[in-house]
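# Overview (structure and organization)
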Amino acid sequence: MSTEVFEDPIEYASVLERVWSAVLSGDRAPRSPRPLIYESWQRSLAADVDPNDRQAPVVWERDEVHQRRSAHPLAAVLPVLRETVLSVADEAKHVMIVTDQDGLVLWLEGNTGVARRAEQVRLAEGTRWSEDAIGTNAMGTTLAVGKPVQIHSAEHLVRTYHDWTCAASPIHDPDTGRVLGAVDISGPLRTMHPAMVALVSAAAQLAESHLRARMAVRDEQLRARNMPHLRGLRGEAGALLTPTGRVLAVEPGDGLALPERVDVTPAHGRVVLADGREATLEPLAEGYLLRLGRPTSSRARRPSLSLSFLDTHGPRAVLDGRNIALSLRHAEILALLALHPTGLTADQLACQLHGDHGNPVTARAEIHRLRAHLGERVIATRPYRLTAEVCADFLDVRRALDNGDIKTAAQAHRGPLLPASEAPAIRDEREELLARLRSAALGGGDVEALWLLSQRGLDDDLEVLGQLAHRLPASDPRRHAVTARMQRVLAEED
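The present account deals with the structure reproduced in this document. Every chain is numbered independently, its residues counted from 1 as its sequence is written. Local features in a predicted model are, by the rule used here, given only for residues with pLDDT of at least 70; side-chain atom pairs are given and counted only at 80 or more, and totals for whole chains, interfaces and linings are based on all residues. To obtain the side-chain values, all non-hydrogen atoms of the structure were included, while hydrogens and water were left out.

The way it works is that DSSP assigns letters per residue, a run of H or I at least four long becomes a helix, a run of E at least two long becomes a strand, and they are numbered from the N terminus. When you go through the chain residue by residue, the secondary structure sums to 18 helices and 16 strands. For the C-alpha atoms alone, the extent of the chain along its principal axes is close to 65 × 65 × 35 Å. Split into buried and exposed, the 494 residues of the chain put 48% on the buried side. Whether two residues are in contact is decided by their heavy atoms, any of which lying within 4.5 Å being enough. Within the chain, contacts between residues at least 6 apart in sequence are counted, and of these 58% link residues at least 24 apart. For the chain, the exposed surface amounts to about 23300 Å²; the carbon and sulfur share of it is 48%. Any residue under 20% of the maximum accessible area for its type is buried, any over 50% is exposed, and the rest in between are partly exposed; the area is computed with a 1.4 Å probe on protein chains only. Only the protein chains shown count as cover for residues, and the accessible areas themselves come from Shrake-Rupley with a 1.4 Å probe.

Before going further, it helps to spend a moment on the environment of Pro315. In this structure, Pro315 sits in the loop between β11 (304-308) and β12 (316-319). Spatially, the C-alpha atom of Pro315 lies 9.7 Å from that of His330, the residues being 15 residues apart in sequence. Ignoring any residue separated from it by four or fewer positions in sequence, one finds Pro315 in contact with Ser308, Phe309, Leu326, Ala331 and Leu418.

Time to look at the nonpolar core. Formed by 62 residues in total, the largest nonpolar core has its most connected members in Phe309, Leu334, Leu349 and Phe394. The contacts of Phe309, once residues within four sequence positions are left out, are Pro315, Arg316, Leu326, Ala331, Leu334, Ala335, Asp393, Phe394, Pro416, Leu417 and Leu418. Here, the term nonpolar core denotes a set of buried Ala, Val, Leu, Ile, Met, Phe, Trp, Tyr and Cys residues that are joined through side-chain atoms within 4.5 Å. Counting residues in each nonpolar core, the second largest holds 36 residues, with Ala138, Ile151, Tyr161 and Ala168 among its members.

Below, the discussion takes up the environment of Ile426. Along the chain, Ile426 falls in helix α15 (residues 424-444). A C-alpha to C-alpha distance of 9.4 Å links Ile426 and Ile333, two positions 93 residues apart in sequence. With sequence-adjacent residues up to four places away left out, Ile426 is seen in contact with Glu332, Ala335, Leu336, Leu417, Leu418 and Ser421.

Further remarks concern the packing of helix α10 (residues 328-339) against helix α11 (residues 346-354). The axes used here are C-alpha line fits, helices contributing only the stretch in contact, and every angle between their N-to-C directions lies in the interval 0 to 180 degrees. Look at α10 against α11: their axes get within 11 Å of each other, and the N-to-C directions meet at 120°. Between α10 and α11, the angle falls in the class oblique. Considering the relative orientation of α10 and α11, their crossing is right-handed. In this structure, α10 contributes Arg329, Glu332, Ile333 and Leu336 to the contact, and α11 contributes Leu349, Gln352, Leu353 and His354. Three residue categories are used. Nonpolar comprises Ala, Val, Leu, Ile, Met, Phe, Trp, Tyr, Cys and Pro, charged comprises Asp, Glu, Lys and Arg, and polar comprises the others, including Gly. Taken together, the residues of the contact of α10 with α11 break down into 4 nonpolar, 2 polar and 2 charged. An angle below 35 degrees is treated as roughly parallel, one above 145 as roughly antiparallel, one from 65 to 115 as roughly perpendicular, and anything else as oblique. Take the far helix as your reference; a near helix turned counterclockwise from it by less than a right angle gives a left-handed crossing, and one turned clockwise gives a right-handed crossing.

Further remarks concern the pairing of β12. The side chains of a regular strand alternate between the sheet's two faces. In β12, alternate side chains face the same way, and those of Ala317 and Leu319 are buried while those of Arg316 and Val318 on the opposite face are not. One bridge is not enough; two strands pair if DSSP finds at least two bridges between them. Bridging between β11 and β12 involves 4 bridges; their strand directions are antiparallel. If you follow Ser308 over to β12, its bridge partner there is Arg316. Sheet analysis places β12 next to strand β13 (residues 322-324), joined by 3 bridges and oriented antiparallel. Counterpart to Ala317 in the pairing with β13 is Ile324. The hairpin formed by β12 and β13 contains 2 residues between the paired strands, and Asp320 there has a positive phi angle of roughly 50°.

It is worth spelling out the sheet that holds strand β16 (residues 389-392) at this point. Ordered by their spatial adjacency, 4 strands build an open sheet running β13-β12-β11-β16, and the pairing between neighbours is mixed. For this open sheet the edge positions go to β13 and β16, each flanked by a neighbour on one side alone. Ignoring strand direction, the axes of neighbouring strands in this sheet form an average angle of 25°.

Right, let's talk about the packing of aromatic side chains for a bit. Centres within 6.5 Å make a pair out of two Phe, Tyr or Trp rings, where for Trp the six-membered ring is used; the pair is then stacked when the planes are under 30 degrees apart, edge-to-face when over 60, and tilted otherwise. In the structure shown here, the tally under the stated rule is 2 aromatic pairs. Aromatic side chains Trp129 and Tyr161 sit 4.9 Å apart centroid to centroid with 70° between the ring planes, which places their arrangement in the edge-to-face category. Taken as a pair, Trp129 in the loop between α6 (112-120) and α7 (131-134) and Tyr161 in the loop between β3 (149-152) and β4 (164-172) lie far apart in primary sequence, 32 residues in all. Each member of the pair Trp129 and Tyr161 is classed as buried. With 5.9 Å between their ring centres and 10° between their planes, Phe309 and Phe394 make a pair best called stacked. Within this pair, whereas Phe309 is found in the loop between β11 and β12, its partner Phe394 is found in helix α13 (residues 393-402), the two being separated by 85 residues in sequence. A cation over a ring is seen here: Arg117 above Trp164, with NZ or CZ 5.5 Å from the ring centre. Whether a charge sits over a ring comes down to the Lys NZ or Arg CZ being within 6 Å of the ring centre and within 35 degrees of the ring normal. Above the plane of the ring of Trp451 lies Arg478, whose end atom (NZ or CZ) is 5.2 Å from the centre.

This part covers the sheet that holds strand β2 (residues 105-110). Strands in a sheet are paired, the pairing made by backbone hydrogen bonds, and the direction either parallel or antiparallel. A sheet is described by the order of its strands in space; here 5 strands give the open sequence β2-β1-β5-β4-β3, paired in antiparallel fashion. Either end of the sheet is taken by a strand with one partner, and the two such strands are β2 and β3. Strand after strand, the sheet turns through a mean of 20° between neighbouring axes, direction not considered. Relative to β2, strand β1 (residues 95-100) runs antiparallel, the two being bridged by 5 bridges. Its bridge partner lying in β2, Val95 is registered against Gly110.

Functional significance is not addressed by these values, which are geometric in nature.
So, in structure tokens, the structure goes:
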């Protein structure tokens, strides 16, 4: 956040008010909102949040709030959060707020006067503060982006909260990694302090450390209670798992290779591990006993490979339920092999990766490393081809376009294909995919598809923006954002 806000929060709030008004009315703004804020506004407007008339929905009444929060995992860390945040919040005329993973307020404590003022604008226990419910705000936005945020004055999408400043940080479950909720500190905009983000971030980290320590104690107790089940296998390979599938102990302990976590979604019956071994899950009073069988033959089952390469956060791959780290080069190779199911020779692969000057020796070396990383059952040779069952987001876009399903194609196209790649064939596929999608959306006049494209790669395309401005009804809040963006693009061209 700009240092201006800390030098004079009131004056900076006045600037933000002018930015908010200009952007939402389609006029030229005195400055651009922060990317974090602009993207949050777009998500909120797409969820039909009205910037001028919106109140946080009341989801739980007071009695139900007490029941819900007593059973919530963050109840265990409330003393830590109070010790870290609450005394500071009270003195600084703020309140501390703790939400669940959906943005529902479980606890609101702190300065009495601020708490009364908060209740008047539906900032209260039992209300929902996700972005789709009440627009841009620290709690909802930190849950949406997964990192600490600070929202000041008119950076809130809804006008009602322009007199507020707030900062929030997500709190993660150390067991599964999923977000459990958020800790927030909110107050009148005059009480802005540069340490607010650092405070909530430190509080979240302390809460996660406390949860991690409790998990270690719980693991040891579970291990001690269930070791007789593991020893009862009498030499048969097996493991003790937590209720979420983390491996706690293995038998025999020397040389038995298992992943850190096993998918326990079936909760009983047979599962297949990443290396092809079949295993049986037996529910215990708490957790599971995993019995391992012999590896299945490669012909009996093909590995399952899922590729997510239309993602600005980088390429992601899942092999038989296991997340696989990929370098950009390995992601490029997998994308090319997925696009050519009949296979590529070393010469063809080298050309697609490096152009006419590609070296097949280099391509063979990269394939060798990739096969060692993924396993020989995933990639065959002579020619190089994928033998796994492949599911890929860029293939989904292609398939939807081939079927004339423009909206599905636009939804699946979350971003450009491997945007950091300079491989000629990847660059050509990236451009062709976006061009096909753009042409189909413009030709079909699909408003939702055009809107998605305007958020994902075509945010400066005047033809797309022009069609949106023409087709969106005047009552649709997104129309203001589209016209404002068109004006910025035109100004930049001037």
